[in-house]
Amino acid sequence: MIASCILPWKLDAICLSEKVDAQYNYRRGKNRLFEDMCRRFPKAIEVNMYGVPATPLLIKAASSLRNLKTLTLGGEKLGETFFHPLAKFKLLKSLIVNDATLGNGRQEILINHDSLRILEVTKCRVTRIGIRCPQLHTLSLKQSDVAWAVLNCPLLRLLDISSCNMLSNTSIRSAVTSCLLLESLDMSNCSNVVEETLREIAITCRNLCVLDASYCPDISLSSVRQLPKLTVLKVHGCERITSASMAAISHSSMLEVLELGNCSFLTSVSLDLPRLRSIRLADCRKLSDLNLQCTMLSSIMVSHSQSIRRINIASNSLEKLALQGQENLTTLALRCQCLQLVDLTGCVSLANSICEVLSDGGGCPMLKSLILDNCETLTALQFRSTSLVSLSLIGCRSVTALELNCPSLQQVNLDGCDNLQRASFCPVGLRSINVGILPKLNVLTIEAPLMVMLEMKGCGVLAEASINCPLLTCLDASFCSQLKGDCLSSTAASCPLIESLLLGSCPSAGPSGLYFLRSLLHLTMLDLSYSFFMNLQPVFESCLLLKVLKLQACKNPLYSSLEPLYKEDALPALRELDLSYGTPFQSTIEDLLACCTHLTHVSLNGCLNMHDINWGSSGSQLSTLPGVYDSSALSSQENMHHPLDQPNHLLQTLNCVGCPNLSKVFIPPAASFFHLSSLNLSLSAKLKDVDIACFNLCFLNLSNCRSLEILKLQCPRLTSLLLQSCNIGETAVEAAIKHCSKLETLDVRYCPKICSVSVRRLRTACPSLKRIFSSMPRFLC
């Protein structure tokens, strides 16, 4: 549509690009509209008449546009007489005709204009066309059905006749060779052009810089040696291009861009072109040898060329080389001073000698990133590089030995290296590494001055390890069942800053003792679960900063050595203690909870010797208050904060999950556990009696305590109570939650003695409840 509200002296373009209806009245109205626009805007410099029939009346009207420089039309039939009046547009510089039928499609059309610079006649139907434009420098006949073209354009610089399949070889030769100043020629998909024509073009057009002869089946380039200024050459899909064609291409010493895609008979490429910057080799399925001695080369694309066996590249500009999926590549030689990334993913025929090429002295002094993913033929790798920062060996399943002497290495990926047995990282710049994913690793050597975290969890056959990481703070050696005590001693001596040490399931590390801990004065976390250590005295003597101690499922002699914790106030910084699945005596547990008031998290899951938690009995150290407590004790703030000079225990979380012999839990206010906020007693099958009075308790889990009969709670801050699969009755639950004024979540699913009526009573008993999880249908709850 024509733009409105534009001042006449401001308009510089008229656009009539909408489709025009074939009805006469509408067309006539459109013609009048265009005539009127031409009169109103005589200074317009650009007119788009696409889809508007170019009648003599319209041409006459348009002739009044003395300043017209660009004219676009098409989508209609343009009569023979249409191009005659073009000479009246003295300032016309650009003429664009698209998707039109010129004349009747069989007669010769002549375009004659003295000032025209750009002419595009694309997707048009015309048998013969003659162009006489002495100032023309750009001409496109792209995708037009033209059989003969005569050009009289002495200044033409760019010619595009791509996809002109009907254009004869003689016409192409005649038209192109008449343009002596031609610089760019695109004749791709011109199936009639022959080698002799290309040779004559090369002799005549000495200024030719860009040539696209793609998909010209009779082109071989073997006789073309006269293109001294050629910078861009594209010959995709030319089946006659062979290794002999490379000799002709090598004479184009100014060549910068070369594209040789889908040349199915090309077997080798050997070029020494000083200015070549980019080369593309796609779908050259028989190419086996690539030799590029091009100092300016900065881009290489090789894809779907499965037959390549040898690649030799010398360049001072190449920074990235990607050769993914070259399954037959066996030899790679590189002399690339600026190369920083090499990707050889899926090159399954590479030999171990690739390490020499990519190490110092191999021709890539600035290599930073190397990807060898899924190179399944590599077996023993040895890299020595001062520049390498990242190495990926994902899926290299045949590698059994790896030696990295790469002081700048910061990242290494070994996922899928399932058969790696020996690994040496000496030295490397890694800050962390996980070798626990290597199930067959048995020898490990690490020298990493910057490493702070080392994970060896799961290295079940690792028997020999030398670790020299002076800044290491975290070492996880869990499940390293073959790791010896002398290895731990040497590691502790060379890594004195370790703060977190995990030795769970390391039976071979004991029972000689934990004397190596004397070197670890900064240790804050120690995991000795499932181990055979017999004496914790080195821990008490050396690990004065220890905060977390895990002793899950350790042997009984180890638990008997816990006396310094509750008798001598050893490990004053200890906050978390885990004795789960062990065999500490009931008295030991009571003494620990009574005397180690600084503990905040205690786990006693699965302890066989725990029969009750009775912190109110006369024989317990946790109770020294006389008399009997009542509910008023919790309502008194004075009693809460000053409980008759009782020690203030810092315990926050107590886990007693699955204690098979636990039958009673009694925690009165006198026990002074005012910080206890979470208590988990689930899966304790014999638990019958629970009587708890804790001011700050928020979470209580009694799920699957099937013997539970008595439940008394004085917990004003309790928000979650879990009773799933308990046999407790509704009356006991109702009485218990009456004193829990902030209870929000109650889980009574699969409780056989609680029915839908009980759920309603529970809501009435505790108005603060927001969620009751019940196995009853929702509408009944």
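Values in this document were obtained by computation on a predicted structure and should not be read as measured data. (Residues numbered from 1 in each chain as written. Predicted model: local features only at pLDDT ≥ 70, side-chain atom pairs only at ≥ 80, totals over all residues. Heavy atoms only, no water.)

**Some thoughts on the sheet that holds strand E32 (residues 443-447)**
Then, number 1: Spatially, E26-E28-E30-E32-E34 is the arrangement adopted by the five strands of the open sheet, whose pairing is parallel. Of all the strands in the sheet, the pair left with one neighbour each is strand E26 (380-384) and strand E34 (464-468). Neighbour-to-neighbour, the strand axes of this sheet turn through a mean angle of 5 degrees, independent of strand direction.
Then, number 2: Note that E32 and E34 share five bridges and pair parallel. Residue pairing for E34: Val-443 is matched across the bridge by Glu-464. (Pairing = 2+ DSSP bridges. Helix = DSSP H or I, 4+ residues; strand = E, 2+ residues; numbered from the N terminus. Axes fitted to C-alpha atoms, helices over the stretch in contact; angles between N-to-C directions.)

**Thoughts on the confidence of the model for the protein chain**
Then, number 1: Scored by pLDDT, the protein chain has a mean of 87; 89% of the residues are at 70 or more.
Then, number 2: The low-confidence segment residues 15-28 (pLDDT under 50) makes 27 contacts with residues lying over four places distant or belonging to another chain.
Then, number 3: Low pLDDT (under 50) marks residues 623-645, which in the prediction has 27 contacts with non-local residues, meaning those over four places away or in another chain. (pLDDT = per-residue confidence, 0-100. Contact = heavy atoms within 4.5 Å.)

**Some words on the environment of Leu-378**
Then, number 1: Here Leu-378 lies in the loop between strand E25 (369-371) and E26.
Then, number 2: On the accessibility criterion, Leu-378 (0% relative accessible area) is buried.
Then, number 3: As for Leu-378 and Cys-347, which are separated by 31 residues in sequence, their C-alpha atoms are 9.9 Å apart.
Then, number 4: Leu-378 has contacts with Leu-350, Ala-351, Asn-352, Ile-354, Leu-372, Ser-398 and Val-399, leaving out every residue within four places of it along the chain. (Buried < 20%, exposed > 50% of the residue type's maximum accessible area, 1.4 Å probe, protein only.)

**Here we look at the environment of Phe-383**
Then, number 1: By secondary structure assignment, the location of Phe-383 is in strand E26.
Then, number 2: Among the residues examined, Phe-383 registers a relative accessible area of 0% and is labelled buried.
Then, number 3: Once residues within four sequence positions are removed from consideration, Phe-383 is found in contact with Cys-355, Leu-358, Ser-359, Leu-370, Leu-372, Leu-391, Glu-403, Leu-404, Asn-405 and Cys-406.

**Let's talk about the sheet that holds strand E9 (residues 128-132)**
Then, number 1: What the three strands build is an open sheet, ordered E7-E9-E11; its pairing is parallel. Strand pairing shows two members of the sheet lacking a second neighbour, strand E7 (108-112) and strand E11 (148-152), which therefore form its edges. Pairwise comparison of adjacent strand axes, ignoring direction, gives a mean angle of 10 degrees for this sheet.

**As for helix H11 (residues 586-595)**
Then, number 1: Of all 10 residues in H11, seven are buried; the element is thus mostly enclosed.
Then, number 2: Every buried residue belonging to H11 is among Gln-586, Thr-588, Ile-589, Asp-591, Leu-592, Leu-593 and Ala-594, and all of these are buried.

**Describing the pairing of strand E30 (residues 422-428)**
Then, number 1: Sheet topology places strand E28 (residues 401-406) next to E30; five bridges connect them, and they run parallel. Paired with Ala-401 across the strands is Arg-422, a residue of E30.
Then, number 2: As defined by bridge partners, E30 adjoins E32 across four bridges and the pair is classed as parallel. Bridging from a neighbouring strand, Arg-422 pairs with Val-443 of E32.

**Brief notes about the packing of aromatic side chains**
Then, number 1: Applying the stated rule across the entire model yields one aromatic pair.
Then, number 2: Considering the side-chain rings of Trp-615 and Phe-673, the 4.2 Å spacing of their centres and the 25 degrees angle between planes classify their relative orientation as stacked. In this pair, Trp-615 sits in the loop between strand E41 (612-614) and helix H12 (632-635) while Phe-673 sits in the loop between strand E43 (664-667) and strand E44 (678-680), placing the two residues 58 residues apart along the sequence. By the burial criterion, Trp-615 is buried, and Phe-673 matches it. (Phe/Tyr/Trp six-rings, centres within 6.5 Å; stacked < 30°, edge-to-face > 60°.)

**Topic: the pattern of salt bridges**
Then, number 1: In the structure shown here, the tally under the stated rule is 18 salt bridges.
Then, number 2: For Arg-128, the salt bridge identified is with Glu-108, shortest N-O distance 3.8 Å. In this pair, Arg-128 is assigned in strand E9 and Glu-108 in strand E7, connecting sequence segments 20 residues apart.
Then, number 3: When the shortest N-O distance is used, the salt bridge between Arg-285 and Asp-283 registers 3.3 Å.
Then, number 4: Residues participating in the shared-partner salt-bridge network are Glu-730, Glu-734 and Arg-761. (Salt bridge = Lys/Arg side-chain N within 4 Å of Asp/Glu carboxyl O.)

**Description of the pairing of strand E23 (residues 331-336)**
Then, number 1: The alternating pattern of E23 places Leu-332, Leu-334 and Cys-336 on a buried face and Thr-331, Ala-333 and Arg-335 on a face that is not buried.
Then, number 2: Examined bridge by bridge, strand E21 (residues 310-315) and E23 share six bridges and lie parallel to one another. Counterpart to Asn-312 in the pairing with E23 is Ala-333.

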